[in-house]
Amino acid sequence: MKPDIYEINEPIAAIKPVRLEKHGDIRTDNYFWMNERENPEVIDYLNAENAYYEKCTAHTKQLQQALFEEMKSRIKEDDASVPYLYNGYYYITRFETGKDYPIYSRKKGSLDAPEEIMFDCNVMAEGFAYFHLSGINISDDNRYAAFGIDTVSRREYTLQIKDLETGIILPVKIEKTTGSSTWAADNKSLFYSRKDEQTLRPDQILKHCLGTATQEDVLIYNEKDETFSTYIYRSKSKKYLIIGSDSTLTTEYRILEATNPTGRFSVFQKRTRGLEYSISHYCNSFYILTNKDKATNFQLMHTTEDATGKENWKTVIAHREETLLEGIDIFKDYLVISERTNGLTHIKIQPWQQPENAYYLPFDSETYTAYTTTNVDFDTDILRYSYQSMKTPASVIDFNMDTRTKEVKKEQPVLGDFDKDNYTEERLWATAADGTKIPMSVVYKKGIEKNGENPLLLYAYGSYGSTMDPYFSSIRLSLLNRGFIYVIAHIRGGEELGRYWYEEGKLLQKKNTFTDFIDCSKFLIEQKYTSAKHLYAEGGSAGGLLMGAIMNMQPELYNGIIAQVPFVDVVTTMLDDSIPLTTGEYDEWGNPNDPVYYDYMKSYSPYDNVTAKEYPNLYISTGLHDSQVQYWEPAKWIAKLRALRTNKNLLFLDTNMEAGHGGASGRFEALKEVAKEYSFLLDLEGINE
């Protein structure tokens, strides 16, 4: 039975005004006290919010369980990845029936060889509420595997080493790392990146030698610029160790031959603000993907090993206004180029010896996603790529670049009565207020009438140049089969239509991201796909900021909103450089220590712009240990919404007291979180089964 929420007491957060002053502007934050993670009053408030959510949604528990079982039933539980060959071994990731975590294994020389289990995460995860293994890295002699473990969900990994010959995990435990590492060619020197304890910024590269104490690890590089993060990897050719340093707008690399781990890294091209580049090694040369010389959509350049400065770079593929050059894969005989034109990806195969014989892989769908995947082998004619669309499950395909033939190695299995021909996918274009055309990817079950009565979930992200390509989801079928239309809005702030698409949705043009989403919403209503009574919006992290912004700007357009780990207290967070990752964000949002950016940021910050008005129904999820968006942002936000809103729509804050930014760690536990979101939507639509 559905409870009367008016009879359930809402949690009321204590008001403790804190005066925040900057540039002569004064903000009063009544809930600033919530940023004290260890304060019992904070924990009590979060628990009270959780209890309120549980009481108000008790009538949906049966629906949540049904959704969970339904979504789980489509997943092949004893599934396995397509094996890939690397340095004489086939590597496989597989799952077993009824188990939450992956098993990582390998087979020597042949898929018929005996299986060697490297890591059974189901055993390793015992006793932990959260568990994630990351960054498996194998030494050249195939004996040692370095790996990272996170049991808190704060993206701080403990680096360890396993002897694959003896099966023994060495007593080495290196704390506060990113989880990733790389071996030098001597099979004993392990390079890794470590995080600053407070800001969680990867700022150091160190070297550990097998057989020595971790206290003796050598500091190789210290990234002192607080807006940069650093990391290390090995070139696909295996010849070079490469240290990278990145900020939002600028890149710098250092290189050292992997056979000389005690040597000194040399700068490839020193950082120049606004110069972005990435490097790939081939023969005695480097290929550089870069925006040098105002190549907004990037160009491909080439230089020799002994002359790596930008003054020596020569153009291989020139900049194109209509095409974004996204990446390359280098093989012994082929260069593979990933491009994006008009919002869709294209993969070009170009032989090194006969570049005039280059060709594109054929894709014929109206809206799809295609990308190269695990291509670790340098000396092969086989390109592995993935293909999917909104209604087509993901396939892993091996393409022979010599014979131009392909073999579908695996299509994502969807158990039950799924048939992709029962669904329709479309590509739509909405017109923004400034005349810009905004693409959308749409999927729904065949037979739906466009009469304005359909429930529709509109999703977007729109930040950091991250593209949200049209992808298949077996989980999403639980909405589609109940009459929902699902739409991804490819709004500015992403990079779907090229680099300019990103540039027009950041810094002092950030509001384009929000107005694009609103204009897409209006288009879908005008075209009778849905109506304001049945329109729902969803976004997470920076997409949660988007949700908060549209709620303030045009709340009447939406019946309900899902905000996952939302970044909503923009001004306060960006002014606090002690918060993890803040300083590295200045190139994305602006530095509010500059009054121009402060004023602009304040004009859209969701928390700062909550006012007395009617707001849509809202479900917020967060994690107490989130390192990306601190839990107190959504906690403060919901407290302020409760205090100021003028209606009585649902306001829920659901905090996972044991997880962080990515939510639950088990593959099935994560489905329970989706079931909560879907039940929220379905309950608002009066659909209870």
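Now for a description of the structure that goes with this document. (Residues numbered from 1 in each chain as written. Predicted model: local features only at pLDDT ≥ 70, side-chain atom pairs only at ≥ 80, totals over all residues. Heavy atoms only, no water.)

**Overview of the packing of aromatic side chains**
Line of reasoning, step 1. For the structure shown, the criterion picks out 39 aromatic pairs.
Line of reasoning, step 2. Ring geometry for Tyr 282 and Phe 378: centres 6.1 Å apart, planes at 55°, overall tilted. In this pair, Tyr 282 is assigned in strand 19 (residues 277-282) and Phe 378 in the loop between strand 27 (369-372) and strand 28 (382-388), connecting sequence segments 96 residues apart.
Line of reasoning, step 3. By relative accessible area, which is 10% here, Tyr 282 ends up buried.
Line of reasoning, step 4. Between Phe 418 and Tyr 423, the aromatic rings sit 5.8 Å apart at their centres with planes inclined by 25°, giving stacked as the arrangement.
Line of reasoning, step 5. On the accessibility criterion, Tyr 423 (5% relative accessible area) is buried.
Line of reasoning, step 6. An aromatic cluster of three or more residues is present, and its members are Tyr 240, Tyr 253, Phe 268, Tyr 277, Phe 286 and Trp 313.
Line of reasoning, step 7. Here Lys 640 stacks its cationic end above the ring of Tyr 607, 4.7 Å away from the centre of that ring. (Phe/Tyr/Trp six-rings, centres within 6.5 Å; stacked < 30°, edge-to-face > 60°. Helix = DSSP H or I, 4+ residues; strand = E, 2+ residues; numbered from the N terminus. Buried < 20%, exposed > 50% of the residue type's maximum accessible area, 1.4 Å probe, protein only. Lys NZ or Arg CZ within 6 Å of the ring centre and 35° of its normal.)

**Here's the deal with helix 2 (residues 61-73)**
The α-helix winds at 3.6 residues per turn, so residues separated by three or four positions along the chain end up facing the same way.
Line of reasoning, step 1. Between its terminal C-alpha atoms helix 2 stretches 18 Å, which fits the 18 Å expected from 13 residues at 1.5 Å a residue.
Line of reasoning, step 2. Where helix 2 is concerned, the buried positions are Leu 63, Gln 64, Leu 67, Phe 68 and Met 71. Viewed end-on, helix 2 has its buried residues packed into an arc of 135°, placing them on one side of the element.
Line of reasoning, step 3. Elements that come into contact with the buried residues of helix 2 comprise helix 1 (40-56), helix 4 (477-480) and helix 12 (669-684). (Expected span 1.5 Å × (residues − 1). Arc of directions from axis to C-beta. Contact = heavy atoms within 4.5 Å.)

**Some details on the pattern of salt bridges**
Line of reasoning, step 1. In the structure shown here, the tally under the stated rule is 43 salt bridges.
Line of reasoning, step 2. Here Arg 482 and Glu 70 are joined by a salt bridge, their closest N and O atoms 2.8 Å apart. Note that Arg 482 is positioned in the loop between helix 4 and strand 34 (485-489) and Glu 70 in helix 2, a separation of 412 residues in sequence.
Line of reasoning, step 3. For Arg 499, the salt bridge identified is with Glu 276, shortest N-O distance 2.4 Å. Of this pair, Arg 499 sits in helix 5 (residues 499-503) while Glu 276 sits in the loop between strand 18 (266-269) and strand 19; the two residues are 223 residues apart in sequence, bridging distant segments of the chain. Glu 276 carries the same exposure label as Arg 499, and that label is buried. (Salt bridge = Lys/Arg side-chain N within 4 Å of Asp/Glu carboxyl O.)

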